[in-house]
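# Close look at the chain arrangement
The chain contents come next:
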Amino acid sequence: MLKNGYNRIVTEVSTVGGVLNDLIQIEYSELSSQSQLRAMQAVFSALDSCKEVVHITDTQHRIQYVNRACENILGYSLEDVAGRNLWELHISDSHKQDIRAFDHRSSVDFKTSLEHQRAGTDHRQPIDHKAGEPRVNLDISEAVNMQMRRGREWEGVVTCRRKSGGAVHLPSKVIPVAPLTRKNEYYIYMSDTHALDRLEFSTVDHFHPRGSIKSLRKGSHDIRSLNSDAFTLLGGPPVENDHPGRVLSAPVEREKFTFNRNLNFESLNFVEGTQNIIRRQSLVKLHSLTIEAPITRVFNIINAAQENSPAYVAQALEKVLEILRSTELYSPQLISATPDNVRPVPADPVATDLLGGLLAQGPKPLLSGRRSSNDTAVKVSQLSRQSLPALHQQASAAIRELLADDLSWNFDVIKLEKISDKRPLVWLGMSLMCKFHVPDTLGCDEQTIQNWLTLIEANYHSDNTYHNSTHASDVLQATAYFLNQERLGQLLDPLDVAASLIAAVVHDVDHPGKNSAFLCNTDNELAILYNDLSVLESHHAAVSFKYSHSDDRVNIYKALDRDTYKHVRKSVIDMVLATDMTKHFEHLSKFINMSGNSKTPVKDDDTTSFDGARDSPDLMSFGTPENLVIIKRMMIKCADVSNPMRPLHLYIDWAHRIANEYFNQTEEEKKRSLPIVMPQFDRTTCSIPKSQIGFIDFFINDMFDAWDALADIPELIEHLRWNYQYWKEQEEAANAIITVSQNQPLCKADEEDEEEDETKEEDIADRENNNPAEDAS
């Protein structure tokens, strides 16, 4: 007795029978309770050691106990959840109100079923529902409550919310417990985590060599159909889930649903007392798979953070949720300058007009694993870069001299346009294609490449002031310059290089000299064909392949096998579509997010420790198929708008060319009484310095700052700094002239304008001579 914890004094009794009665009373009262308490310690230790998640609740589903597995897997300790309703803890906020309503709602169908049984009614007959009375929705909490009232166990899948906001689907069993009486006092929820372990193990990210990545995607299943087809077999309509997001795997009582009156249940061989109409053995396995979009996980994490945050944080998170629910998540909005803005956007009408014009695409819309090129592409190892072939012999000395520096950032494509009689693309294209071994990679001869370049250049409109073959040559040269950088050279294989150069050549082919918004406003056949979405970019990609397949003599893809061709075609189309400026901020955000997660601190050359170290990209993490797609998009985007990074004399030429093209569009819109896409681009009033300053502020600065982190292009950044300062000075000078002209006679102001024109070229030359970026190159 002492060993069992009994240490009380017992009054001595003189008879043997009295002693026995006292001992029996002590054994069945206090000793038994002490033994049970000691055994409970062992039970709790066992519960903490098991892998199953265990919740013990009272009859109102208020949590009384959770084991250690619950804390390890879901993140909740007993202190976090004690006294909380289990269903409110593990369901979405939108569902909580339904559960509260259910607690106060009588089970009409259940009582009706009992009345039918008492009256001798066959429980297999359908139960009549009154007109207009809603049918009961299939819900786990309702099914569990029904089974608990009947004193039966329940089995199914429960969706549990992690404290971090994620959701897991666990095969579970609920057991009612009546310790001392026949009335249930506790419910035990036991959730099996073995399926979860298998799922997490199968989805762990592993590093695979390029070309050997296997898809981890499994066949998708419509969970609702698996639950509803049972009722379809019974002759009734499929059960519809009125509350999206609920798991439809709860055991179902036949009395809860209305079936076809003409159905013969005897023919289905139902077993008396069965809990389910139709039970799929694989249902639990299907429910153990997490089927949710990444944005759903973001919402869940934010919602979970709101519950444990102060009021002001919860309000801020609510604003975040409102932004994330927007259908135009990456569409920029102009923000007025306020004290809260670290970088206020200048409210300049010309810059705003340019931003709107570049992002306009007509009416707003209504609401693969990468295969390796090593298997099919011709491998080129340590080959010296070839020179321009037979075409080189036809070139003049001036062209040959100019093309010798075609990989230099200071390459003068405007000069090549002049000395080649407006045919720069074929000359520069052949030189760069051969230097990057594109004929070897595609398996075609150099004559085919030359024919193809000639055909593509012929379909650029030479009367366009900006979007002509010279612009295509400029983008091609910038792309080649980026490809020649060490880091990109390590990331991209020969097929990537070939596809990038091809995309640069064709990215604006057959451009009409007007933007997509103009085509949409005029009901152009291209806008109708492409449904007002990325009209020009879709056309450029489509016609480039149309021209390439028009004749074998120009078909640069004819030697590729089917799989390699599909890969190259997909890559070219993707890069051409990436030049759509309406998707600019989307592509930029994805690149910044990717590069932000792929940096490691490295030491500078003049440091001896990592203190003050700069961030350097982790090239191995950049080399995934998804990241390479983002990198190639970013590369051609930067090449397409690289004019502000060019030497000043080239940049000024490009700035006037694009402005003239916009002026022509505005004049055409006025002439045809069309909506004016960019009203500020009027030839008589527009300020080119303001337009370029706005373009750099809105688009260039952030994009090239992110691109420089990967490509390592300090020379371009230095050019940008000098060019931006030039336009700022030009704007200040123009404002000063306007101020002076308002206070002086007109003739004197005209004389000053003439003097300014005479000194402008001298000023540009002086700036380029003093530019350290030019000296370094």
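The coordinates are above.
What comes next is a walk through the structure. Being a predicted model, the structure only gives us computed values, none of them experimental.

To continue, consider the packing of aromatic side chains. For the coordinates displayed, the defined rule picks out 17 aromatic pairs. Ring centres of F482 and W707 lie 5.6 Å apart, and the angle between their planes is 75°; on these two criteria the pair is classed as edge-to-face. Taken together, the residues span a long stretch of sequence, with F482 in helix α20 (residues 469–483) and W707 in helix α31 (residues 688–711) at a distance of 225 residues. Assessed through its relative accessible area of 0%, W707 is described here as buried. Taken together, the aromatic side chains of W409, Y481, F482, F591 and W707 make up a single cluster linked through ring pairs. Note that K514 overlies the ring of F518, its terminal NZ or CZ placed 5.9 Å from the centroid. Over the ring of W409 we find R646, and its NZ or CZ is 3.9 Å from the ring centre.

Neighbouring strands of a sheet are bound in pairs by backbone hydrogen bonds; such pairs are parallel or else antiparallel. Here we have 5 strands laid out as an open sheet, ordered β2-β1-β5-β4-β3, and antiparallel in their pairing. What marks the edges here is a single partner per strand, and that holds for β2 (63–66) and β3 (154–161). Ignoring strand direction, the axes of neighbouring strands in this sheet form an average angle of 30°. In the packing of helix α7 (residues 140–149) onto the sheet, the strands contacted are β3, β4 (167–177) and β5 (186–191), and the crossing angle to β3 comes to about 140°.

We now examine the state of the cysteines. Here a disulfide denotes a covalent bond joining the sulfur atom of one cysteine to the sulfur atom of another. Scanning the entire structure with this criterion turns up 0 disulfides. Between C160, a free cysteine, and C70, which holds the nearest cysteine sulfur, the sulfur-to-sulfur gap is 7.9 Å. Residue C160 is classed as buried on the basis of its relative accessible area of 2%.

Packing of helix α17 (residues 424–435) against α20 brings their axes to within 8 Å, and their N-to-C directions diverge by 15°. Here α20 runs roughly parallel to α17, going by the angle between their axes. Between α17 and α20 lies a crossing of left-handed hand. Taken together, the residues of α20 that come into contact with α17 (itself represented by P424, L425, L428, G429 and L432) are S469, T470, A472, S473, L476, Q477 and A480. Here the residues of the contact of α17 with α20 sort into 7 nonpolar, 5 polar and no charged.

Quick look at the nonpolar core now. Counting 109 residues, the largest nonpolar core has F482, I631, F704 and W707 as its most contacted members. If one sorts the elements of this core by residue count, α31 sits on top with 13 residues. Sequence-distant contacts of I631, defined by excluding residues within four places in its chain, comprise L488, L491, F591, M594, F622, W707 and L710. Residues V66, V81, I140 and A143 belong to the second largest nonpolar core, which totals 24 residues.

Calculation criteria
Residues numbered from 1 in each chain as written. Predicted model: local features only at pLDDT ≥ 70, side-chain atom pairs only at ≥ 80, totals over all residues. Heavy atoms only, no water. Phe/Tyr/Trp six-rings, centres within 6.5 Å; stacked < 30°, edge-to-face > 60°. Helix = DSSP H or I, 4+ residues; strand = E, 2+ residues; numbered from the N terminus. Buried < 20%, exposed > 50% of the residue type's maximum accessible area, 1.4 Å probe, protein only. Lys NZ or Arg CZ within 6 Å of the ring centre and 35° of its normal. Pairing = 2+ DSSP bridges. Axes fitted to C-alpha atoms, helices over the stretch in contact; angles between N-to-C directions. Contact = heavy atoms within 4.5 Å. Disulfide = S-S within 2.5 Å. Parallel < 35°, antiparallel > 145°, perpendicular 65-115°, else oblique. Left-handed = near helix turned anticlockwise from the far one by under 90°. Nonpolar A, V, L, I, M, F, W, Y, C, P; charged D, E, K, R; others polar. Core = buried A, V, L, I, M, F, W, Y, C linked by side-chain atoms within 4.5 Å.

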